[in-house]
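# Examination of the molecular architecture
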Amino acid sequence: DGGITQSPKYLFRKEGQNVTLSCEQNLNHDAMYWYRQDPGQGLRLIYYSQIVNDFQKGDIAEGYSVSREKKESFPLTVTSAQKNPTAFYLCASSTRQIATGNTIYFGEGSWLTVV
Amino acid sequence: AQKVTQAQTEISVVEKEDVTLDCVYETRDTTYYLFWYKQPPSGELVFLIRRNSFDEQNEISGRYSWNFQKSTSSFNFTITASQVVDSAVYFCALSEDPSNGRGADGLTFGKGTHLIIQP
């Protein structure tokens with residue numbers, strides 16, 4: 001099936017540890033994104049990548065890192081520098097074609113809890 | 001800077017009632033795109049509709065309809081004859097024109113409206 005796959009669905013991390021969230025898409029989309037969602041809040045952009053081997057910081061990039069070595073993959077690392085990492089993380093992708101209006105499609109999300 | 005406001009934090013109605021979710025946006029662009037997404041309890045965001053700034057026609061899809069008014073910078077979403085399965089958090093979002101040269105990307109989201117449909 002075509003879509004965006006995030007793993008793991010649930011992840012627990014001890015304070016001081018880095019953790020990496022996986023995001024894979026088979027939609028042949030050029031652009032990929034990571035959003036963070038806190039309870040009762042909207043989504044906030046962490047990082048985005050418009051093309052392989054290139055990525056840009058979003059609104060809340062501090063304490064996070066990403067890589068884009070392959071078109072279909074955009075992993076997010078939550079580092080120990082992130083002060084409050086417990087949240088719901090959503091990966092997304094889009095075609096970047098102007099005619100499509102940059103419609104962004106989302107994965108099912110990953111819950112990260114720091115214990 | 002772009003901004004999306006969903007003033008209604010939570011709405012609760014009885015099944016079969018009509019309900020309207022409000023969305024007000026701010027942008028300096030003349031070309032932009034507006035979206036609505038549904039987030040059921042499972043967490044995934046489901047795309048509902050996209051509207052570009054040059055198309056002010058209202059749209060109807062089954063029990064869903066959208067009212068886009070540039071004069072008031074609003075893009076409201078109405079569910080007619082609501083059902084329990086409509087219970088979810090609904091997000092309104094705004095995207096700039098990817099060709100505007102500013103290099104910005106991604107969507108700006110409102111904080112969402114939690115819709116509760118009671119049986």
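So, a few notes on the structure that sits alongside this text. Model, not experiment: these values are computed from the prediction.

## Side note on the pattern of salt bridges
Applying the stated criterion across every chain, the model contains six salt bridges over all chains. The partner of B:Arg51 in a salt bridge is B:Glu59, and the shortest N-O contact between them spans 2.7 Å. Here B:Arg51 falls in the buried class, since its relative accessible area comes to 6%. Looking at B:Glu59, the relative accessible area reads 30%, which means it is partly exposed. In this structure, a network of salt bridges that share partners links the residues A:Arg36, A:Asp38 and A:Arg44.

## Some details on the pairing of strand E9 (residues 87-94) of chain A
Residues and elements named next belong to chain A. For E9, a buried count of eight out of eight residues is recorded, marking the element as mostly surrounded by other parts of the structure. Burial along E9 is two-sided: Ala87, Tyr89, Cys91 and Ser93 and Phe88, Leu90, Ala92 and Ser94, pointing in opposite directions, are all buried. By the bridge criterion, seven bridges tie strand E4 (residues 31-37) to E9 in an arrangement that is antiparallel. Across the sheet, Tyr35 pairs through a bridge with Leu90, a residue of E9. Where E9 lies against strand E11 (residues 110-114), three bridges are found, and the strand directions are antiparallel. The partner of Phe88 across the bridge, within E11, is Trp111. As paired strands, E9 and strand E10 (residues 105-106) are joined by two bridges and run antiparallel to one another. Following the sheet pairing, Ser93 is matched in E10 by Tyr105.

## Quick word on the state of the cysteines
All names here are of chain A. The full count for this structure, using the stated rule, is two disulfides over all chains. In this model Cys23 forms its disulfide with Cys91; the gap between the sulfur atoms is 1.8 Å. Between Cys23 and Cys91, the disulfide has an S-S torsion of -75° and is therefore left-handed. Residue Cys23 is found in strand E3 (residues 19-25), and its partner Cys91 is found in strand E9; the two are separated by 68 residues along the sequence.

## Focus: the packing of aromatic side chains
Following the criterion strictly, the structure yields 23 aromatic pairs over all chains and no others. Each ring, one from B:Trp36 and one from B:Phe77, has its centre 5.3 Å from the other, and the planes form 50°; the classification is tilted. Residue B:Trp36 is located in strand E5 (residues 32-39), and its partner B:Phe77 is located in strand E9 (residues 74-79); the two are separated by 41 residues in the primary sequence. B:Trp36 sits in the buried class, given a relative accessible area of 0%. Pairing B:Phe68 with B:Phe75 gives two aromatic rings, centres 5.8 Å apart and planes at 80°, and the pair type is edge-to-face. A single burial state applies to B:Phe68 and to B:Phe75, both of which are buried. Each residue in the set A:Tyr33, A:Tyr35, A:Tyr48, A:Tyr105, A:Phe106, B:Phe35, B:Tyr37, B:Phe47, B:Phe91 and B:Phe109 is aromatic and connected to the rest through ring pairs, giving one cluster. Cation over ring: A:Arg68 sits above A:Phe74, and NZ or CZ is 6.0 Å from the ring centre.

## Re the pairing of E5(B)
Residue and element names in this part refer to chain B. Within E5, eight of the eight residues are buried, leaving the element largely enclosed by the surrounding structure. Burial along E5 is two-sided: Tyr32, Leu34, Trp36 and Lys38 and Tyr33, Phe35, Tyr37 and Gln39, pointing in opposite directions, are all buried. Here E5 runs beside strand E6 (residues 46-52); their pairing, made up of six bridges, is antiparallel. If you follow Leu34 over to E6, its bridge partner there is Arg51. Count of turn residues in the E5/E6 antiparallel hairpin: six residues, of which Gly43 carries a positive phi of about 105°.

Procedures and definitions
Residues numbered from 1 in each chain as written. Chains lettered and ligands numbered in written order. Predicted model: local features only at pLDDT ≥ 70, side-chain atom pairs only at ≥ 80, totals over all residues. Heavy atoms only, no water. Salt bridge = Lys/Arg side-chain N within 4 Å of Asp/Glu carboxyl O. Buried < 20%, exposed > 50% of the residue type's maximum accessible area, 1.4 Å probe, protein only. Helix = DSSP H or I, 4+ residues; strand = E, 2+ residues; numbered from the N terminus. Pairing = 2+ DSSP bridges. Disulfide = S-S within 2.5 Å. Phe/Tyr/Trp six-rings, centres within 6.5 Å; stacked < 30°, edge-to-face > 60°. Lys NZ or Arg CZ within 6 Å of the ring centre and 35° of its normal.

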